[in-house]
Amino acid sequence: QVQLVESGGGLVQAGGSLRLSCALSGRTFSTYAMAWFRQAPGKEREFVAGISGNGGNTYYADSVKGRFTISRDNAKNTVYLQMNSLKPEDTAVYYCAADASWAIVIRGRPGAMDYWGKGTLVTVSS
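From a predicted model like this one, the values you see are computed outputs, not experimental measurements.

Cut-off values and rules
Residues numbered from 1 in each chain as written. Predicted model: local features only at pLDDT ≥ 70, side-chain atom pairs only at ≥ 80, totals over all residues. Heavy atoms only, no water. Buried < 20%, exposed > 50% of the residue type's maximum accessible area, 1.4 Å probe, protein only. Helix = DSSP H or I, 4+ residues; strand = E, 2+ residues; numbered from the N terminus. Pairing = 2+ DSSP bridges. Disulfide = S-S within 2.5 Å. Axes fitted to C-alpha atoms, helices over the stretch in contact; angles between N-to-C directions.

S.K.: Hey, could you run me through the pairing of strand 11 (residues 120-125) in this one?
M.R.: Each regular strand shows side chains that alternate between the opposite faces of the sheet. Of the two faces of strand 11, only the one carrying Thr 120, Val 122 and Val 124 is buried; Leu 121, Thr 123 and Ser 125 on the other face are not. Pairing of strand 9 (residues 92-99) with strand 11, which is carried by three bridges, proceeds in the antiparallel orientation. Bridge pairing links Tyr 94 to Thr 120 in strand 11.

S.K.: Help me out: how do you make sense of the state of the cysteines in this one?
M.R.: As used here, a disulfide is simply a covalent bond connecting the sulfur atoms of two cysteines. Here the structure, examined in full by the defined rule, presents one disulfide. A sulfur-sulfur separation of 2.1 Å characterises the disulfide bridge that pairs Cys 22 with Cys 96. Residues Cys 22 and Cys 96 are joined by a disulfide whose S-S torsion is about -80°; by sign, that bridge is left-handed. Residue Cys 22 is located in strand 3 (residues 18-25), and its partner Cys 96 is located in strand 9; the two are separated by 74 residues in the primary sequence. Looking at Cys 22, the relative accessible area reads 0%, which means it is buried. Given the relative accessible area of 0%, Cys 96 is considered buried.

S.K.: What exactly am I supposed to notice about the sheet that holds strand 1 (residues 3-7) here?
M.R.: Pairing between sheet strands relies on hydrogen bonds along the backbone, with the strands arranged either parallel or antiparallel. Taken in spatial order, the four strands make up an open sheet running 1-3-8-7, and their pairing is antiparallel. The open sheet has two free edges, formed respectively by strand 1 and strand 7 (68-73), since each of these has just one partner strand. Taken pair by pair, the neighbouring strands of this sheet meet at an average axis angle of 15°, ignoring direction. Summarising the sheet, strand 1 and strand 3 pair through five bridges and their orientation is antiparallel. Among the inter-strand pairings, Gln 3 is bridged to a residue of strand 3, identified as Ser 25.

This is the structure:
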């Protein structure tokens with residue numbers, strides 16, 4: 001059984017930075033492509049960034065390109081999301097997700113992902 005646990009959320013001022021982490025347990029981490037999604041109050045869950053199992057490929061939503069960086073450490077079974085130049089509109093619950101297929105991840109559809117964490121709240125104040 002795959003378990004995903006996110007950490008690193010919090011309150012930050014606009015223009016600041018945060019780094020989210022997500023640890024996977026229960027299966028071989030490197031066999032999963034990983035993604036970050038987010039859901040703001042009253043809005044649908046949306047894709048933020050994805051990374052392939054070996055870390056060689058990444059993919060970003062246009063809204064975060066140039067500001068966010070996804071990375072992974074397969075020795076630590078952990079995926080990261082470095083968020084810089086944060087804006088109030090980045091405020092959301094951020095979810096980590098895993099899927100065995102990179103093709104699924106880059107489609108960016110929440111319903112297609114195999115496993116989910118419980119989320120971590122990021123609040124950006126203006």
